[in-house]
Amino acid sequence: MSTAEMPPTGDRARELDEHLIVRVAEITQAELETRRRSLAEISPETAALVDSLASYLEGGKLLRPRFCFWGGVAALGREPSAAEIEALARCGAAIELVQAAALMHDDVIDHSPLRRGRPALHAAAAARHHRERLAGSSEDFGVAVAIVLGDLALTWAEQLAASVDGVPSCTTRARREFDDLRTEVMSGQFLDILHQAGGFASAPDAEQAALAVIRWKTVPYTVLRPVRVGAALMGATDAGLERLSAWAIEVGTAFQLRDDLLSVVGDQDETGKPIGGDLLEGKRTVLLARAEAAADDAGRALLDGVVGRPDAAPAQIAAAHDLMVSTGAVLSVADEVRERARRGRELLEDAAGMGVLGRTGLSALAALATDVESLPA
């Protein structure tokens, strides 16, 4: 196809993005089929674990594989070849398995009953235990299944990442990024647990602690490392990786701040998560830190009666949400999401060497992840 016949960049970016989504799904399905056959040699029951994982993966937006892909395209500065798309898709599928493992374990830690509008994996396993009248505690069984299947997903992610072909020096660099992704998200998860327990003593205050949790729990495995994995695999320079990193930190932080807002101002049918869930779980978010800082003694007492208290009444939760709005905390966080999204756009516009196609893909994905248009004004 001649240059004159090429579709506009935005159209071509959408075509590549759609192709990537299909290819990641195909790779994942093939990988799970292989695992199912292997586990079937052990027992039918272990093979059924693969079905649980396959069901759990349904409905995701595949943000992380897409960040990986567009990081690679940005590093190339041109349209990727079929072999390059395949390598990036395999990396993306491996990252998505890490995501599945992290969510399974996170739902257990947070006692979250829902994921993507469906029962969380541990909740579904507990329900099955109760339905089939198995021995012991249904809750303990569900937690155990989620831990085991999460560990399996991490193992299979490792094996899938190891199978990616490419220039040896580039695959080695990409592999280091993939290893850092897993280490950082687990470290961030620990900081989250520690912060909820009041033990994050090295952080100067509650808001800085919450931002540190975002920086090391959400940012690395949602945007930063996926982008760097793809870029490293496609031969990015050190300078190119740093430019992408600065952009990814802004976008990843905005993504999580917005997600925290949705627990207060979101629609449960759209988010798939119970409204007020963050408060009941005791999640120490930036939003909560700002509400506490701005509230008077009565307001802080109200929050103390809700945060980390699963038995809080709906009226208490509603009052806490109203307080978050009236103190200006909701608007403050929404404004920060907008500001970080704006800085991300500027960083992308100023980045040299990416090419129009890579910038277009990353820009569209950032807009999807931050979705500033839906925020309260």
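How each quantity is defined
- Residues numbered from 1 in each chain as written.
- Predicted model: local features only at pLDDT ≥ 70, side-chain atom pairs only at ≥ 80, totals over all residues.
- Heavy atoms only, no water.
- Axes fitted to C-alpha atoms, helices over the stretch in contact; angles between N-to-C directions.
- Helix = DSSP H or I, 4+ residues; strand = E, 2+ residues; numbered from the N terminus.
- Parallel < 35°, antiparallel > 145°, perpendicular 65-115°, else oblique.
- Contact = heavy atoms within 4.5 Å.
- Nonpolar A, V, L, I, M, F, W, Y, C, P; charged D, E, K, R; others polar.
- Phe/Tyr/Trp six-rings, centres within 6.5 Å; stacked < 30°, edge-to-face > 60°.
- Buried < 20%, exposed > 50% of the residue type's maximum accessible area, 1.4 Å probe, protein only.
- Lys NZ or Arg CZ within 6 Å of the ring centre and 35° of its normal.
- Salt bridge = Lys/Arg side-chain N within 4 Å of Asp/Glu carboxyl O.
- Arc of directions from axis to C-beta.

1. A closer look at the packing of helix H2 (residues 44-57) against helix H6 (residues 138-162)
The relative placement of two packed helices is expressed as an angle between their axes plus a distance between the axes.
At step 1: It is the contact of H2 with H6, at a shortest axis distance of 11 Å, that shows an interaxial angle of 80°. With respect to each other, H2 and H6 are oriented roughly perpendicular. Of the residues in H6, those touching H2 at Leu 49, Val 50, Ser 52 and Leu 53 are Val 145, Leu 149, Leu 152, Ala 153 and Trp 156.
At step 2: Taken together, the residues of the contact of H2 with H6 break down into 8 nonpolar, 1 polar and no charged.

2. A closer look at the packing of aromatic side chains
At step 1: Summed over the entire model, instances satisfying the criterion amount to 2 aromatic pairs.
At step 2: For the pair Phe 69 and Trp 70, a centre-to-centre distance of 5.0 Å together with 80° between the ring planes defines the contact as edge-to-face.
At step 3: Note on Trp 70: relative accessible area 1%, which makes it buried.
At step 4: Against the face of Tyr 221 rests Arg 64, its NZ or CZ located 4.7 Å from the ring centre.
At step 5: Positioned above the aromatic ring of Trp 216 is the side chain of Arg 215, whose terminal nitrogen or guanidinium carbon lies 4.1 Å from the ring centre.

3. What about the pattern of salt bridges?
At step 1: In total, this model carries 37 salt bridges according to the counting rule given.
At step 2: With its nearest N and O atoms 3.1 Å apart, the salt bridge here joins Arg 340 to Glu 250. Separated by 90 residues along the polypeptide, Arg 340 in helix H15 (residues 329-350) and Glu 250 in helix H9 (residues 238-265) bring together distant segments of the chain.
At step 3: In this structure, Arg 290 and Glu 336 form a salt bridge, with 2.4 Å as the shortest nitrogen-oxygen distance. With Arg 290 in helix H12 (residues 286-294) and Glu 336 in helix H15, this residue pair connects regions lying 46 residues apart in the sequence.
At step 4: When salt bridges with common partners are traced through the structure, they connect Glu 207, Glu 250, Arg 290, Glu 336, Glu 339, Arg 340, Arg 342, Arg 343 and Glu 346 into a single cluster.

4. Side note on helix H5 (residues 121-131)
At step 1: For H5, the full list of buried residues reads Leu 121, His 122, Ala 125, Ala 126 and His 129. All buried residues of H5 lie within an arc of 135° about the axis, which places them on one face of the element. In H5, the exposed positions that point more than 90 degrees away from the buried face belong to His 130 and Arg 131.
At step 2: Those residues of H5 that are buried lie in contact with H2, helix H4 (82-110), strand E2 (118-119) and H6.
At step 3: Of the residues flanking the end of H5, it is Arg 133, one or two places downstream, whose phi is positive at about 55°.

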